[in-house]
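Understanding the architecture of this molecule
These are the residues of each chain, in order.
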Amino acid sequence: MKIYKLKTEEDASKKASEIIIKTIKNKEDCVLGLATGSTPLKTYQFLIDAYKNKKIDFSKVAAVNLDEYKGLSKDDPNSYSYFMDKHLFNQINIKNTNIPDGMEKDPVKACNTYQKTLNNLGPVDLQILGIGLNGHIGFNEPGTDFNEETHLVSLSKSTISANRRFFLKEEDVPKFAYTMGIKTIMKSKTILLIATGKNKKEILKESLTGPVTTNVPASILQTHENVIVIGDSESLEWYED
Ligand code: PGA
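The present account deals with the structure reproduced in this document.

Rules used in this analysis
Residues numbered from 1 in each chain as written. Predicted model: local features only at pLDDT ≥ 70, side-chain atom pairs only at ≥ 80, totals over all residues. Heavy atoms only, no water. Near = heavy atom within 4 Å. Polar contact = N/O pair within 3.5 Å; in protein donor to acceptor, adjacent residues only side chain to side chain. Areas by Shrake-Rupley, 256 points an atom, 1.4 Å probe, with all protein chains shown as cover. Nonpolar A, V, L, I, M, F, W, Y, C, P; charged D, E, K, R; others polar. Helix = DSSP H or I, 4+ residues; strand = E, 2+ residues; numbered from the N terminus. Buried < 20%, exposed > 50% of the residue type's maximum accessible area, 1.4 Å probe, protein only. Lys, Arg positive; Asp, Glu negative; His and termini not counted. Salt bridge = Lys/Arg side-chain N within 4 Å of Asp/Glu carboxyl O. Contact = heavy atoms within 4.5 Å.

Now for the site of the ligand. Taken together, the neighbourhood of the ligand is formed by G37, S38, T39, G130, I131, G132, H136, R165 and K200. The side chain of H136 places a nitrogen or oxygen atom 2.6 Å from an oxygen atom of the ligand. Against a free-state accessible area of 280 Å², the protein chains account for coverage of 78% of the ligand. Of the residues contributing to the shell around the ligand, the split by class is 1 nonpolar, 6 polar and 2 charged.

Summarising the element assignment, K200 is placed in the loop between strand 9 (190-195) and helix 7 (201-209). Among buried Asp, Glu, Lys and Arg side chains, K200 stands out as unpaired, with E9 the closest opposite charge at 9.2 Å. Setting aside chain neighbours within four positions, we find K200 in contact with T39, I131, L133, A195 and S235.

Our next topic: unusual backbone geometry. If you check the backbone angles, K54 has positive phi at about 60° while not being a glycine. Within the secondary structure layout, K54 lies in the loop between helix 2 (41-52) and strand 3 (62-65).

Before going further, it helps to examine the side chain of N65. Mapped onto the elements, N65 comes out in strand 3. Setting aside residues no more than four positions away along its own chain, N65 makes contact with L34, A35, T36, M84, F89, N98, I99, P100, Y114 and M180.

Honestly, that's just the spatial picture; any functional story needs more than this.
Written out as structure tokens, the structure is:
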């Protein structure tokens, strides 16, 4: 595991974008695993800047996203599909983007279809991950079997309350989501975990240095042979280079 402790969130995002850009330069048709949430926003902005400055070409890249809320359409501003279009895809020349279908009511069908897409594309070359306050990666909540592939998740209270900030009312926050499973995440050739800010400090430390347990889903990353962790002086306060 390689840990980069950068000073600020801006520095951490710049470093993350450089790793993504290098991956694409080394393999123009790479499979990039992408994440939503606040964490990767600045990283995506650096990617957009690099594209606008003609430093990077996304035309042959395939993107697969980690998760999507069940019941939200692509046009819903709170859907992850909408988020990705707005914060990245609509501003770069990517063509091949994939995300679970939140409008598919049949969970078996939704999950099988997405898993088939993931299997056809092959292992992800570089998977970007954020981390939830409860240690979730994607929407793999505490207790999720490490062998799960794409599945329907009943979101935990902690996740629902963390997501509350994006919705007008608590009742509007979706309670279910489709997520890529940990088994698929772990098949990625390289995993890039980004965590910034002091509210991620405890869970990041527990995930990287505590026991490997399904109670802390991100702890499984300790067993992956190619993980890069990027944090800032707050999230990695406890870590000495
Ligand atoms: P955040 O979410 O980037 O908004 O903190 C991360 C996550 O829940 O995985």
